[in-house]
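Chain by chain, the residues:
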Amino acid sequence: MRNILTKDINLIIFGSLIILAVIIVGIVSSSEILKKETINNQLTISKLNGKFLAENLNQNMQNVELFIENIRSLINLKEPENIINNKLFNSLDRFPIIRSVNILDKNKIIYSSNKLNIGLEISDNDFFPKPLFSNNILRVSTPWIGRDFISGSTLLSKKDIPDYNLSFIPILKNTYINKREFTVIINLNTDFILNRFKERSANNKFKIILSRTDNQTLLSNYQNNKIGQIKQKSTLLKDAFEFDEATGIEKINGKKLISTYNLTKDYPFIISLHLNYKESLSSWNEKSYKFFIISISIVVMCMLVVLILILIYKKEKEKEISLHRQQLEDQEKFKRLFHDSHFMAAVIDKDGKILDINNSGLEFTKNTAKETIGYPFWDIGCWRYEEQEYLKELLTQGNTSVNIKQEIDALDSSKKDAILEITIYTINKNTKNYKYIAIGQDITQRKEKEKKLLQSYTVFNNTRDGIMITDKDTNILDVNNAFEFITGYSKKEILGENTRILKSNLHDKEFYDNLWTSLKENNYWEGEIINYRKDKTFYTEWLTINAILGKDKEVVNYIGIFSDVTKEKEKEILLKEKESVIYQQSKMASMGEMIENIAHQWRQPLSVISTAATGIKVQKKFNSISEEDEIQSLDLINESAQYLSATIDDFRHFLRNDKEFKEFTLEDSLSSAIKLISSKLKNRNIIIIKDIEDIEIFGLRNEFIQVIINIINNAKDALEETQLANKYIFINSYTNKKSVIVEIKNNGGKIPPKIINRIFEPYFTTKHQSQGTGIGLYMSTEIITKHMKGLLSVTNEEFTYNKEQFSGPCFKIEIPI
């Protein structure tokens with residue numbers, strides 16, 4: 001039993017020792033994993049910091065470049081020099097990265113935010129990069145020592161490099177001010193940039209260096225890195241030039257460093273971050289030692305939980321496998337990125353033969369990898385003869401410094417014309433096995449869009465409407481040819497001027513206040529406005545203004561489109577004068593007709609009064625009248641007088657110049673119209689047949705009555721010329737969902753087809769000049785269409801009444817409900 005126990009104890013001790021050994025080994029392995037994680041964390045932190053600094057610097061440089069582009073709107077060369085200099089100085093408050101702003105004409109400073117700089121000559125020889133095609137690019141100088149040009153000097157050799165970092169970095173860009181080209185040099189404030197570096201290096205102790213892409217040091221937060229030095233490119237830095245960024249571990253001057261290199265996206269700068277490898281692991285070493293002691297103590301004291309520790313070890317092991325698998329996946333992702341990129345890419349050896357090509361390249365050429373890899377790049381079938389010769393010469397002349405980017409005509413997979421933007425550059429150029437990378441992009445659609453844009457600009461210049469584009473302060477940026485024709489100003493004269501140059505001062509302040517209120521609230525205004533031409537003559541235009549908003553919903557531009565309506569306004573005035581004459585003639589014609597109607601209405605009552613009065617007088621003379629006969633005659637005279645008075649009231653109400661829109665009943669207005677001309681109809685044996693609904697209408701009552709009278713008068717004239725035994729005018733009314741409809745027709749025969757479409761024209765009449773003016777129906781359609789927003793039309797109809805067949809015109813009035 002003792003032997004068994006001893007054996008078990010020995011077995012437990014042996015097993016515990018094995019487990020302890022395994023645990024110790026596991027702890028050591030885990031420490032190595034933690035060490036790798038620490039290094040990876042440092043690499044990640046370095047990469048993030050580098051990316052942040054590069055993006056931050058790129059954003060600041062974009063703001064500076066935008067400031068240079070907008071300097072034309074800041075200053076006016078017509079202003080005194082001291083005002084321009086003060087404006088440049090005041091603008092620095094918005095840009096802490098700028099130390100001074102200098103405007104040069106032929107290398108000489110003529111304006112500056114630092115007045116001491118004025119008159120200095122600054123050469124652009126040291127600015128990088130050198131322009132190949134256009135001078136309008138932003139370039140960076142070698143660093144200068146001092147605070148500004150007047151007190152500084154450029155670094156031309158290593159002996160000029162001081163031990164301190166008091167410096168500035170000049171950058172240069174050409175721009176146009178008042179249509180003249182000037183050079184603008186901005187001196188960057190290195191203190192501002194270094195403060196950004198210090199913010200990023202305070203906790204991680206990074207040594208940060210800013211260089212140009214030709215590897216010349218511009219500034220650093222580390223004193224030993226002297227500005228002005230040109231450093232040799234490391235392998236990691238070369239990778240950064242190839243991929244815009246690179247992070248890794250490298251040796252510089254015998255020291256092992258964690259390094260990150262980032263190229264700014266749009267400008268020739270490199271941000272370099274360096275961290276001492278050993279110092280980065282100091283905290284990890286302390287933690288590792290403590291972890292080991294605590295782990296061993298736990299194992300010795302708690303042997304029962306050794307199994308759990310084994311499981312922990314197993315888990316850590318799986319994590320290591322996962323990391324390895326992740327690395328393999330990353331490699332596979334890179335491979336997929338190359339092959340699945342939407343850019344066409346190929347790797348070419350020094351003899352011009354294709355080593356690898358991605359899927360986009362194969363798809364464009366419609367070749368397989370087997371048909372492409374190993375064959376010369378110029379023979380892949382998508383090049384024209386001239387491009388083949390060019391590529392063959394480029395890739396076979398042994399040039400190890402190829403770096404081109406240009407547009408090349410090509411043929412796509414359907415053998416249709418295409419345009420490729422192709423970049424070819426050398427990698428591993430300092431080795432015997434150098435290679436070329438070719439990257440292509442099909443820009444055919446982009447070129448077509450550019451062509452369409454050119455076409456749009458052609459339309460812009462040749463449209464008949466004037467077009468004007470301004471900035472947010474209404475300074476004119478561009479105009480089209482129609483603008484020049486209408487206003488008399490040439491584009492050269494008007495660009496840069498404010499739109500106030502066109503202001504006629506004929507509109508009051510309220511007009512312009514309403515205009516700007518509409519633009520602010522709706523970003524749109526449309527209306528009629530009177531402006532000045534160049535010769536100070538007035539013209540009327542129909543103007544539409546649209547506000548163009550930027551990403552922040554602030555106004556960026558205004559676009560004004562206008563038509564010269566001066567002639568149309570003159571025609572409109574003449575038309576109104578003509579209509580006024582016609583209205584006056586119509587009024588006089590109506591007055592004549594009303595007087596004639598009054599005469600007809602009064603004839604019988606006056607005859608009754610005259611007869612009664614004469615009878616009383618004769619009977620009085622012979623004393624043969626009785627009191628009863630006298631009273632009867634006087635009553636007859638009184639009734640006739642009352643009738644005359646009522647008739648006068650009817651005509652007075654009709655002739656009253658009442659322009660008030662109000663509700664009135666259709667039956668009442670039609671009865672009034674018939675009553676006013678009843679004597680004429682009665683004398684001509686014309687019978688009116690009515691079927692009228694008692695409908696309310698909103699409008700001008702007297703004008704509506706005038707329309708009814710005009711139509712009935714025309715019917716009366718037509719019936720008077722016939723030999724019909726029974727002469728009828730039919731008036732009926734009804735409603736539908738949208739309108740009140742009145743139909744007036746007569747049995748006087750159809751209107752001839754040749755004239756039915758002309759009866760509403762002014763001065764058109766088939767009657768003798770003494771019988772009609774031809775304006776009655778014209779005024780009727782004007783009243784219905786313009787004053788009551790309705791419709792007046794006429795058609796020929798055939799109809800039956802009292803079993804008799806008739807034909808004649810039907811005038812239809814439609815008034816919206």
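Here the structure is shown first, and the text comes after it.
Quick caveat, the model's predicted, so the values are computed rather than measured.

About the thresholds
Residues numbered from 1 in each chain as written. Predicted model: local features only at pLDDT ≥ 70, side-chain atom pairs only at ≥ 80, totals over all residues. Heavy atoms only, no water. Salt bridge = Lys/Arg side-chain N within 4 Å of Asp/Glu carboxyl O. Helix = DSSP H or I, 4+ residues; strand = E, 2+ residues; numbered from the N terminus. Buried < 20%, exposed > 50% of the residue type's maximum accessible area, 1.4 Å probe, protein only. 1 Å grid on protein atoms, 1.4 Å probe; cavity = no way out; pocket = protein on both sides within 12 Å on 5 of 7 lines; lining within 4 Å. Points joined across faces, edges and corners; volume = space filled by probe spheres on them. Nonpolar A, V, L, I, M, F, W, Y, C, P; charged D, E, K, R; others polar. Pairing = 2+ DSSP bridges. Axes fitted to C-alpha atoms, helices over the stretch in contact; angles between N-to-C directions. Core = buried A, V, L, I, M, F, W, Y, C linked by side-chain atoms within 4.5 Å. Contact = heavy atoms within 4.5 Å. Phe/Tyr/Trp six-rings, centres within 6.5 Å; stacked < 30°, edge-to-face > 60°. Lys NZ or Arg CZ within 6 Å of the ring centre and 35° of its normal. Left-handed = near helix turned anticlockwise from the far one by under 90°. Parallel < 35°, antiparallel > 145°, perpendicular 65-115°, else oblique.

### Considering the pattern of salt bridges
- With the rule as written, the count across this model stands at 20 salt bridges.
- Across the pair Glu493 and Lys534 runs a salt bridge whose closest N-O atoms are separated by 2.6 Å. Of this pair, Glu493 sits in helix 14 (residues 491-494) while Lys534 is found in the loop between strand 20 (524-532) and strand 21 (538-549), placing the two residues 41 residues apart along the sequence.
- When its relative accessible area of 35% is taken as the criterion, Glu493 is described as partly exposed.
- Given a relative accessible area of 40%, Lys534 falls into the partly exposed group.
- Lys786 is paired through a salt bridge with Glu782; the nearest N and O atoms lie 3.0 Å apart. With Lys786 and Glu782 both in helix 22 (residues 776-787), this residue pair falls 4 residues apart, about one helical turn.

### Considering empty space enclosed by the protein
- Considering all chains together, one arrives at 2 cavities of 30 Å³ or more under this definition.
- Forming the boundary of the largest cavity are 17 residues, of which Met344, Gly361, Phe377, Ile380 and Trp383 lie nearest the centre.
- Every element with two or more residues in the lining of the largest cavity is listed here: strand 13 (344-348), helix 9 (359-365), strand 16 (417-427) and strand 17 (435-442).
- Tallied by class, the residues present in the lining of the largest cavity amount to 13 nonpolar, 4 polar and no charged.
- Taken as a whole, the second largest cavity encloses approximately 60 Å³ of empty space.
- Taken together, Leu53, Asn56, Leu57, Asn60, Ile97, Phe192, Ile193, Arg196, Phe197 and Ile271 make up the lining of the second largest cavity.
- Where the lining of the second largest cavity is concerned, the elements lending two or more residues are helix 1 (2-69) and helix 4 (190-201).
- Partitioned by chemical class, the residues of the lining of the second largest cavity number 7 nonpolar, 2 polar and 1 charged.

### Describing the sheet that holds strand 27 (residues 739-746)
- Taking strand neighbours across the sheet as the criterion, the 5 strands line up as 24-26-27-29-28 in an open arrangement whose pairing is mixed. Because the sheet does not close on itself, it has two edges, and the strands there are strand 24 (686-691) and strand 28 (791-801). The sheet shows a mean angle of 20° between the axes of neighbouring strands, taken without regard to direction.
- Where strand 27 lies against strand 29 (residues 804-816), 7 bridges are found, and the strand directions are antiparallel. Paired with Lys745 across the two strands is Cys810, which belongs to strand 29.

### Description of the nonpolar core
- Formed by 48 residues in total, the largest nonpolar core has its most connected members in Ile98, Val101, Ile103, Ile186, Phe197, Leu210 and Ile271.
- Per element, the largest residue contribution to this core is 9 residues, and it comes from helix 1.
- Those residues in contact with Leu210 that lie beyond four places of it in its chain are Leu57, Ile169, Ile193, Phe197, Gln216, Thr217, Leu218, Leu219, Phe269, Ile270 and Ile271.
- In terms of nonpolar packing, the next biggest core, distinct from the first, is built from 39 residues, Phe664, Phe704, Val707 and Ile815 among them.

### Details of unusual backbone geometry
- The linkage connecting Phe128 with the following residue, Pro129, adopts the cis geometry, with an omega of 0°.
- In this structure, Lys179 takes a positive phi of about 70° despite not being glycine.
- Judged by relative accessible area, which is 48%, Lys179 ranks as partly exposed.

### Some words on the packing of aromatic side chains
- A full pass over the atoms with the stated rule returns 17 aromatic pairs.
- Look at Phe511 and Trp525: their rings are 6.0 Å apart centre to centre, the planes differ by 85°, and that puts the pair in the edge-to-face class. Placement of the pair is Phe511 in helix 15 (residues 509-522) and Trp525 in strand 20, with a sequence separation of 14 residues.
- Classification of Trp525 by relative accessible area gives buried; the value is 10%.
- Note on Trp516 and Tyr558: the rings are 5.7 Å apart at their centroids and 80° apart in plane angle, and the pair reads as edge-to-face. One end of the pair, Trp516, is in helix 15; the other, Tyr558, is in strand 22 (residues 555-564), with 42 residues separating them in the sequence.
- Owing to a relative accessible area of 11%, Tyr558 belongs among the buried residues under this scheme.
- Following the ring pairs from residue to residue traces out a cluster consisting of Tyr728, Phe730, Phe799, Tyr801 and Phe806.
- Lys536 extends its terminal NZ or CZ atom over the ring of Tyr532, reaching a point 5.3 Å from the ring centre.
- Its guanidinium or amino end placed over the ring of Phe799, Lys745 lies 4.8 Å from that ring's centre, counting from NZ or CZ.

### Remarks on the sheet that holds strand 16
- Strands sit in the order 14-13-17-16-15 across an open sheet of 5 strands; the sheet is antiparallel. Of all the strands in the sheet, the pair left with one neighbour each is strand 14 (354-357) and strand 15 (403-411). Between one strand and the next, the sheet's axes are offset by a mean angle of 25°, whatever the strand orientation.
- Sheet topology note: the strand 15/strand 16 ladder contains 9 bridges and is antiparallel. Counted as the bridge partner of Gln406 is Ile422 from strand 16.
- Each of strand 13, strand 15, strand 16 and strand 17 touches helix 11 (residues 385-396); the most contacted strand, strand 15, lies at about 150° to it.

### Focus: the pairing of strand 13
- Counting buried positions over the 5 residues of strand 13 gives 5, a clear majority of the element.
- Alternating positions in strand 13 separate into two faces, Met344, Ala346 and Ile348 on one and Ala345 and Val347 on the other, with burial throughout.
- Bridging between strand 13 and strand 17 involves 5 bridges; their strand directions are antiparallel. Its bridge partner being in strand 17, Ile348 is matched across the sheet by Tyr436.
- As defined by bridge partners, strand 13 adjoins strand 14 across 3 bridges and the pair is classed as antiparallel. Each residue of the ladder has a partner; that of Val347, found in strand 14, is Asp356.
- Between the antiparallel neighbours strand 13 and strand 14 lie 5 residues, among them Gly352 with a positive phi of about 90°.

### Topic: the environment of Ile150
- Within the fold, Ile150 resides in the loop between strand 4 (144-145) and strand 5 (153-154).
- For the pair Ile150 and Lys115, spaced 35 residues apart in sequence, the C-alpha separation works out to 9.4 Å.
- The residues touching Ile150, leaving out its near neighbours within four places in the chain, are Asn114, Leu116, Asn117 and Leu120.

### Considerations on the packing of helix 20 (residues 701-720) against helix 22
- Between helix 20 and helix 22, whose axes approach to 9 Å, the crossing angle comes to 145°. Regarding helix 20 and helix 22, the two cross each other, and that crossing is left-handed. On the side of helix 20, the interface is formed by Glu703, Phe704, Val707, Asn710, Ile711 and Asn714, while helix 22 contributes Gly776, Leu777, Ser780, Ile783, Ile784 and His787.
- Its residues placed into classes, the contact of helix 20 with helix 22 shows 6 nonpolar, 5 polar and 1 charged.

### Describing the packing of helix 18 (residues 666-676) against helix 20
- It is at 9 Å that the axes of helix 18 and helix 20 come closest, and there the two elements cross at 50°. Between helix 18 and helix 20, the angle is such that the two are oblique. When you trace helix 18 past helix 20, the crossing you get is right-handed. Together, Leu666, Asp668, Ser669, Leu670, Ser672, Ala673, Ile674 and Leu676 of helix 18 and Arg701, Phe704, Ile705, Ile708, Ile709 and Ile712 of helix 20 make up the contact between the two elements.
- Residues that form the contact of helix 18 with helix 20 fall into these classes: 10 nonpolar, 2 polar and 2 charged.

### Structural notes on the layout of surface pockets
- Computed from the structure, the second largest pocket encloses a volume of approximately 1,400 Å³.
- Lining the second largest pocket are 35 residues, and of these Arg72, Ser73, Asp471, Asn475 and Leu477 sit closest to its centre.
- Breaking the lining of the second largest pocket down by element, the ones donating at least two residues are helix 1, helix 2 (71-74), strand 6 (167-177), strand 19 (476-479), helix 14 and strand 22.
- Counted by class, the lining of the second largest pocket contains 14 nonpolar, 8 polar and 13 charged residues.

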